[in-house]
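A structural walkthrough
If you want the building blocks of each chain, they are given just below.
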Amino acid sequence: MTIDPALSPEQVAALSREILLCQRLLRKLWADDSRREVFARRRSCYRILYAIPLGVPVPIDWAPAPHPQASR
């Protein structure tokens, strides 16, 4: 998959930072509802970054970071 050419380099950098922030949050959050919200935000960032329409299934692995309780 390629990054959407319509995005500026600043937008790509901002989306990448947001995705990394979501990854860090998923490693620390315990509550399932909070993890779902962060996971949805990360998924939205990926969709914007790669210009993926909502109705299209995404062929990449978006598995969230392991739950903090399970990763110990």
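One can find the structure itself at the top, above this paragraph.
First things first, this report covers the structure right here in the doc. Computed from a prediction, not measured in an experiment: that's the story for all the values here.

Another aspect to go through is the overall build of the protein chain. If you tally the helices and strands in the protein chain, you get two helices and zero strands. Relative to its 72 residues, the protein chain shows a buried fraction of 29%. Only carbon and sulfur atoms are counted for the fraction: they give 58% of the accessible area of the protein chain, which is about 5,100 Å².

Our focus in this paragraph is helix α1 (residues 9–28). Note on helix geometry: an α-helix contains 3.6 residues per turn, so any two residues three or four positions apart are oriented the same way. The first and last C-alpha atoms of α1 sit 29 Å apart over 20 residues, in line with the 28 Å expected at 1.5 Å per residue. Taken together, the buried positions of α1 are occupied by V12, L15, E18, I19, C22, Q23 and L26. For α1, the angular spread of buried residues about the axis comes to 145°, placing them on one side. The outward face of α1, more than 90 degrees from its buried face, is lined by the exposed residues P9, E10, R17, L20 and K28.

Another aspect to go through is helix α2 (residues 32–49). For α2, spanning 18 residues, the distance from its first C-alpha to its last is 25 Å, which sits close to the expected 26 Å at 1.5 Å a residue. Looking one or two places after α2, you find A51, whose phi comes out positive at around 55°.

Counting seven residues, the largest nonpolar core consists of L7, V12, L15, I19, C45, Y46 and L49. Of all the secondary-structure elements, those providing two or more residues to this core are α1 and α2.

Ring pairs (aromatic) are described by centroid distance and by the angle formed between their planes. In this structure the tally under the stated criterion is one aromatic pair. Between the aromatic rings of Y46 and Y50, the centroid separation amounts to 6.3 Å while the plane-to-plane angle is 15°, which identifies the pairing as stacked. What makes Y46 buried here is its relative accessible area of 18%. Judged by relative accessible area, which is 22%, Y50 ranks as partly exposed.

Orientation of α1 relative to α2, taken along the N-to-C sense of each, is 155°, at an axis distance of 9 Å. With respect to α2, the element α1 is oriented roughly antiparallel. Of the two elements, α1 crosses α2, and the hand of that crossing is left-handed. Across the interface between the two elements, V12, L15, E18, I19, C22, Q23, L25 and L26 of α1 pack against R35, V38, F39, R41, R42, C45, Y46, I48 and L49 of α2. In terms of residue class, the contact of α1 with α2 is built from 12 nonpolar, one polar and four charged.

Each value, and the rule that gives it
- Residues numbered from 1 in each chain as written.
- Predicted model: local features only at pLDDT ≥ 70, side-chain atom pairs only at ≥ 80, totals over all residues.
- Heavy atoms only, no water.
- Helix = DSSP H or I, 4+ residues; strand = E, 2+ residues; numbered from the N terminus.
- Buried < 20%, exposed > 50% of the residue type's maximum accessible area, 1.4 Å probe, protein only.
- Areas by Shrake-Rupley, 256 points an atom, 1.4 Å probe, with all protein chains shown as cover.
- Expected span 1.5 Å × (residues − 1).
- Arc of directions from axis to C-beta.
- Core = buried A, V, L, I, M, F, W, Y, C linked by side-chain atoms within 4.5 Å.
- Phe/Tyr/Trp six-rings, centres within 6.5 Å; stacked < 30°, edge-to-face > 60°.
- Axes fitted to C-alpha atoms, helices over the stretch in contact; angles between N-to-C directions.
- Parallel < 35°, antiparallel > 145°, perpendicular 65-115°, else oblique.
- Left-handed = near helix turned anticlockwise from the far one by under 90°.
- Contact = heavy atoms within 4.5 Å.
- Nonpolar A, V, L, I, M, F, W, Y, C, P; charged D, E, K, R; others polar.

Purely geometric numbers; function is a separate question.
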